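Chain and residue survey
Listed below are the residues making up each chain.
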Amino acid sequence: MTTELYYLAYGSNLDPERLGRHLAEPTARQPQWTTIDHGVQFAGNSRRWHGGVAFLTLTPTGVLHPARLYPMTGTTFAALFGSENFVGELPPDPSLLGLQPGEWIRMLIPGGAADWRGKYNAILRLDDHADAPVYAFTTCRDLPPRPPGSEYLTLIANARSLAPTGQSPTWQGDPPQTPDPSARRGDAWYGSLAPTDGRGVTLPAELAPTEPADRARVVDPMTARSREVGLRFEGEQALIGQRDRPSGSDRLLILIDHRASSWSGFLF
């Protein structure tokens, strides 16, 4: 297996056996222990674990936690995201998201505070390891804090106890943190679009205008070429022109930047 990235685990996936249940093929190498200075909080409500689940805070807290780095390909990382989330997709090459270390992006996928699906809607890039990028998925949803179930907490505690830093016997999770908006890269959506009538291509409902933005970057995941396009809104629908859709690809990545800077890339 060629390592393209490292997936950072901080919750139940600290246990390699648990992670292996989500993967079609096991990772070729053993994971490595590391520490992170982001908080680990419990929120939402898991049907499987009967309580809150672990989420990594998007903003560093200065408190160190054990974590594990799993080497994997971008395709495996995308498959893991889908398996954990039940809805939504990631491009097979996360570098197309344009994240720098310390930045995060919101994935526009179905789900909400009351929905156990789609709970992971944020991709965070951390400091590189061994010249490869490190990514974690977490949430930027306003999920209500909720204590974890005993089985879930025991699974995480047992895995953390194997870390060189050990496990605090009294740790029950960290308090919620407000994300740093300056570290947010923008929004992203990945999937397939079908052409509609002469008005253009109708974008998915997740791209409804929740924040001011009239420009987007459409990326062809096959070639990594991209084009800046204009968004048109008709009620709750967003559209792009037929010519703005890359030819020869049935899937595409749409990036929306709410900051002054623009996305870099090549025109197709």
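Residues numbered from 1 in each chain as written. Predicted model: local features only at pLDDT ≥ 70, side-chain atom pairs only at ≥ 80, totals over all residues. Heavy atoms only, no water.

Helix and strand counts for the protein chain come out as 3 helices and 13 strands. Evaluated residue by residue, the protein chain yields a buried proportion of 51% over its 268 residues. Considering only intrachain contacts with a sequence separation of at least 6, the fraction spanning at least 24 residues in the protein chain is 71%. Split by element, the accessible area of the protein chain, about 12,700 Å² in all, is 51% carbon and sulfur. (Helix = DSSP H or I, 4+ residues; strand = E, 2+ residues; numbered from the N terminus. Buried < 20%, exposed > 50% of the residue type's maximum accessible area, 1.4 Å probe, protein only. Contact = heavy atoms within 4.5 Å. Areas by Shrake-Rupley, 256 points an atom, 1.4 Å probe, with all protein chains shown as cover.)

Counting residues in each nonpolar core, the largest one holds 58 residues, and the members touching the most others are Tyr7, Leu8, Tyr10, Leu97, Met107 and Ile123. When residues of this core are assigned to their parent elements, the largest contribution, 9 residues, is made by strand S3 (residues 51-72). If we ignore the near neighbours within four places in the chain, the residues touching leucine 8 are Thr34, Ile36, Leu56, Ala67, Arg68, Leu69, Leu126, Val134, Tyr135 and Ala136. (Core = buried A, V, L, I, M, F, W, Y, C linked by side-chain atoms within 4.5 Å.)

Any aromatic ring pair is given by two values, namely how distant the centres are and how the planes are angled relative to each other. By the definition in use, this model includes 10 aromatic pairs. With centroids separated by 5.1 Å and ring planes inclined at 45°, the aromatic side chains of tryptophan 49 and tyrosine 152 adopt a geometry described as tilted. Remark: tyrosine 152 occurs in helix H3 (residues 150-160) and tryptophan 49 occurs in the loop between strand S2 (32-46) and S3; sequence separation between them is 103 residues. A relative accessible area of 9% places tryptophan 49 in the buried class. On the basis of relative accessibility, which here comes to 2%, the residue tyrosine 152 falls in the buried class. Stacked on the ring of tryptophan 49, the Lys or Arg arginine 48 has its end atom at 4.0 Å from the ring centre. (Phe/Tyr/Trp six-rings, centres within 6.5 Å; stacked < 30°, edge-to-face > 60°. Lys NZ or Arg CZ within 6 Å of the ring centre and 35° of its normal.)

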